[in-house]
Structures are given as C-alpha cells and as structure tokens.
Amino acid sequence: MPTGDTGAGAASRGTAPDARPAAPVGGGSPEPSAGAGRGPGGASFHGMWNELAPIGRHADSGGYRRYAWTAADADCRAWFRGQAESRGLAYEVDRNGNQWAWLGDPLAGDAVVTGSHLDSVPDGGAFDGPLGVVSSFAALDELRARGTALTRPLAITNFGDEEGARFGLACVGSRLAAGQLTKEKAYALRDADGVSLPQAMEAAGYDPDSIGADPERLSRIGAFVELHVEQGRALDLSGDRVGIASAIWPHGRWRFDFHGEANHAGTTRLVDRRDPMLTYAETVLAARREAALAGAVATFGKISVEPNGVNAIPSLVRGWLDSRAADQATLDTVVTAVEKAAREHADRDGIDLNVVRESFTPVVEFEHALRDELNRILGGSVPVLGTGAGHDAGILSASVPTAMLFVRNPTGVSHSPREFAAEDDCVAGVLALADVLEGLACR
C-alpha cells in the first residue's frame, strides 16, 4: 500500500464573453463576473480555486509546473486530501497513486465517478485538469445543498501524471489502472535527469512495487464523467457555456532520432557536414505540410540535442512528433508521410534515422447511451463535439462507460498560461455536472 498518502439550466446558451487574455498572470483565478459564485456550488468553487491557484505556479512564466511526484504534485495531492476529509468523504490512494474520495460504500459497485487530474504540462495553464477536480467537489457541495439523496456511491478522483510532462507518457495513472501500461514498461520510464518512475514514486513516499492493472476497482464503476475546459473554440463560436464530448481523435507520440557527426561549427565545410539538425528541420516542415494536406495536426514540440553546443555541429537531434486526426486512416497517412520525408532527407544528408512510437491511443467513441443520457439530463439541446486532446476518460473508456463535459474557453488557448475560462462559465459547468451526477446517481 502507498505510505506517503493514506488514509439544467447550467448548459443553456449564453452570450460569449469578450476575448481576453487569461486571468491574472498565469491564469490563476478565473475572472469574476456578474452573477458568478451564487449558490453553494459556485461559492465553494471560488474558494477552492483561489486556494489551489498558487500551487506550482512559476514566478517568471506565470505558468504551472506541477509535475508527477514532485513537491508541487505533493502539495496538490495534499489539497485534494484536505478537500475530501473536510467533506467527510472516505479518502484512499489506489495501487497506482491515483487519489479517491468516496461518498457511500466504495465496495458497493455501480458507482458514479467524476474528477480529472491536477498535474500540468511545462508552464501550463490553470484550468486543464484542475477545473474538473475543483468542479467535482463544488458539484458535490451543490448536491448536498439541494438535499439530494443519492442511491449509488459517488466518488471524486485525481488521476496521477495525466500530462506526461516528466516521464514523456500521458495518462500514466489511468493507463496503469486500465492495464494499458505494464509494470515493466512503467519501470522503464525515466525523466530528463535519468530518474525512473519507481524511484520518483519511492522518493515521494509511495510503494512502486504495487503498481499495475486494477480491474477490481474499475469493475465498481458504473459511469465516469470528466469535466474539462474545452481545448478549442467550438463553444465560444456557438455561444454555449457547456458541451458534451462525442469522441477523442486517435493520437500518438513518435520519437525521431537523427544521428549525425559532431564537428566544429567554424571549420567544417558545409559539404563535409553530417548535420542532423538540418534533417530535423526538414522533417518539421514536412510534418506541417502533410498535416495541412490531410486536415490533421502534427507538432514537433520537444527536442533534445547532443552535444548541445553553440559552436558544435550536433551528433544527435532527437525530436518528438505529436500527431492527431479525426480518424485512424488519416492519422496513419500523416505519420507515414512524415517518416517517409524524414528518411529521404536523412539519406540525402548522410544521417541515420530511427523512429520509435512511444505511445498511441486509438479513436475513442464515448458510450452513446451515456452521452445521450447526459444530453437528456441537461435539457436535450447541449452541443456535442469531438476533441483532439487526450484525457483519462478516453483511457478508461475501454473498461467502464465514460463521458465528458466541456466548459467554454473564449480564446481556445490551452497548455499555456493564457488558458482561460470565465468564472460564470465555470459555475455553469459546476451546475451542469451537479445535474448530471444527480441524474445518474439517483436513479
């Protein structure tokens, strides 16, 4: 066992707010607006949000650096535990380090579960992940204020290492629980300093020997609903505060290793060079070109260079490709074309190329019956939209019925300190989630 941490109107259309930069530098607190914070759910949302906002925020960038099994992560986890215990919920940590707060018997089965994650990408925004967790506690407060009598157990969860910022693999906590990441592969994960996942967990006070598939726990879940800030502008364009997810695009991460020859930047003739940076640059351009042709997205957003000297030609350039598309065939077409272009340029430049697929998630169609039930509960006219972003709900969908709610993002910016959602939209999300939980857990 872990040792470090034991123990309907909301979705209605509204006037889209003016486009504005994120809230206070770093997107800490949503900007208050007229009518925001009314009612128990809205009031508790405001208080929790302001309490959580300073944790892990970087003073210079204004963004968040809440990486798995670090001090900032520990502070977030302590915050979650505090929220659970202050509400009299049964608190526990599962074998993979995911946190759970239970109302009702955790062993009864057919539970309704909600939540998200608290970690961040490097210099990420305040909303991606935390909005779902804070909204879950606020929705519970709303239900209690209504005097709702639940007939099914209810749980709030914080899944660990969803963003993959430290070890390079997204959704580690939910992948482990769902058996989509083996213990052997998890043990092989290392951060930029060479620290392995089990070493990091142990340093944080957890027992890594217990990690692995958790089918018994997942079998107790009758429905999982994750609320998330929209990572796009569909709701802003339609004028809706809240939407329902239809599907998650197939997506993956590929590592391209370009091996060249280190040499002096000032004395080596251009024609004599085996410069992997040149090949990498051509590959980046090819990724943009192929994605545009296919109507997909492809991004080289992370790079590692050796020996990484200003006056040295690199011996190795390692770049990570993230690509996503509306369907599997399109994604395959893009990635195949990018690799083909990379190999052609590598052959021309005298570069050795190795390509490794580090992670992949196929298309996730959220269960139609549950999706339709959410729409019925929320009045039947809530927009349904797809997304190119991955989520824990997508990972769990292979094991339990899952659904997602999105809250309007007026700029569409995400994974940035400028990520933003207005407070009255956030409160609308809380009320929508409360309606959904009431509709599912009281039948």
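What you see is a predicted model, and the numbers here were worked out from it, not measured in a lab.

Participant: Got a sec to walk through helix α3 (residues 71–86)? Specific residues and values, please.
Facilitator: In this model α3 runs 22 Å from its N-terminal to its C-terminal C-alpha over 16 residues, within 8% of the 22 Å that 1.5 Å per residue would give. Every buried residue of α3 is accounted for by A72, D73, C76, R77, W79, F80, Q83 and A84. End-on, the buried residues of α3 take up no more than an arc of 155°, which puts them together on one face. Opposite the buried face of α3, at more than 90 degrees from it, the exposed residues are A71 and S86. Buried residues along α3 sit in contact with α2 (39–52), β1 (90–93), β2 (99–103), α4 (130–146) and β4 (154–158).

Participant: Would you mind going over the nonpolar core in detail, with residue names and values included?
Facilitator: For soluble globular proteins, the rule of thumb is that nonpolar side chains tend to be buried together. Within the largest apolar cluster, 68 residues are counted, with the highest numbers of intra-cluster contacts made by W79, F80, L131, F137, L374, L405 and L440. Broken down by element, this core gets its largest block of residues, 10 residues, from helix α14 (residues 423–441). Apart from the residues within four sequence positions on either side, L405 is in contact with V225, E226, L227, H228, V242, G243, I244, L374, L378, A432, L433 and V436. A111, A245, A393 and V400 belong to the second largest nonpolar core, which has 24 residues in total.

Participant: Give a detailed account of empty space enclosed by the protein, specifying residues and quantitative values.
Facilitator: Take a probe with the size of a water molecule and roll it over the atoms, and the empty space left behind shows itself. Quantified by volume, the largest cavity comes out at close to 60 Å³. Together, W69, N96, N98, G160, D161, V172, G173, L176, L197 and M201 line the largest cavity. Among the secondary structure elements, those contributing two or more residues to the lining of the largest cavity are α5 (172–177) and α7 (197–203). Looking at the lining of the largest cavity element by element, the count peaks at 3 residues for α5. Taken together, the residues of the lining of the largest cavity sort by class into 5 nonpolar, 4 polar and 1 charged. Of the voids in this model, the second largest cavity is the one considered here, and its volume is about 50 Å³. In terms of lining, the second largest cavity is formed by A68, W69, D73, R77, L118, D119, N158, F159, G160 and D161. Across the lining of the second largest cavity, the residue classes break down as 4 nonpolar, 2 polar and 4 charged.

Reading the values: rules and limits
- In every chain, residue numbers begin from 1 and rise along the written sequence.
- Side-chain atom pairs in this predicted model are given and counted only at pLDDT of 80 or more, local residue features only at pLDDT of at least 70, and totals for whole chains, interfaces and linings cover all residues.
- Water and hydrogen atoms play no part in the side-chain values, which are based on all heavy atoms of the structure.
- Only DSSP runs of H or I with at least four residues qualify as helices, and only runs of E with at least two residues qualify as strands; both kinds are numbered from the N terminus onward.
- One fewer than the residue count of a helix, multiplied by 1.5 Å, yields its expected span.
- In this scheme, a residue with accessible area under 20% of its type's maximum is buried, one over 50% is exposed, and one in between is partly exposed, where area comes from a 1.4 Å probe on protein chains only.
- The arc in question is traced by the directions running from the helix axis to the C-beta atoms.
- Contacts are residue-level and defined by heavy atoms, with any inter-residue pair within 4.5 Å sufficient.
- Each nonpolar core is a collection of buried residues, namely Ala, Val, Leu, Ile, Met, Phe, Trp, Tyr and Cys, held together in the definition by side-chain atoms within 4.5 Å.
- The method works on a 1 Å grid over the protein atoms by themselves. A cavity is a set of points holding a 1.4 Å probe that cannot get out, a pocket is an open set with protein on both sides within 12 Å along at least five of seven lines, and residues with an atom within 4 Å of a point line them.
- Grid points are joined across faces, edges and corners, and a volume is the space filled by probe spheres set on the points.
- Just so you know the grouping, Ala, Val, Leu, Ile, Met, Phe, Trp, Tyr, Cys and Pro go in nonpolar, Asp, Glu, Lys and Arg go in charged, and all remaining residues, Gly too, go in polar.

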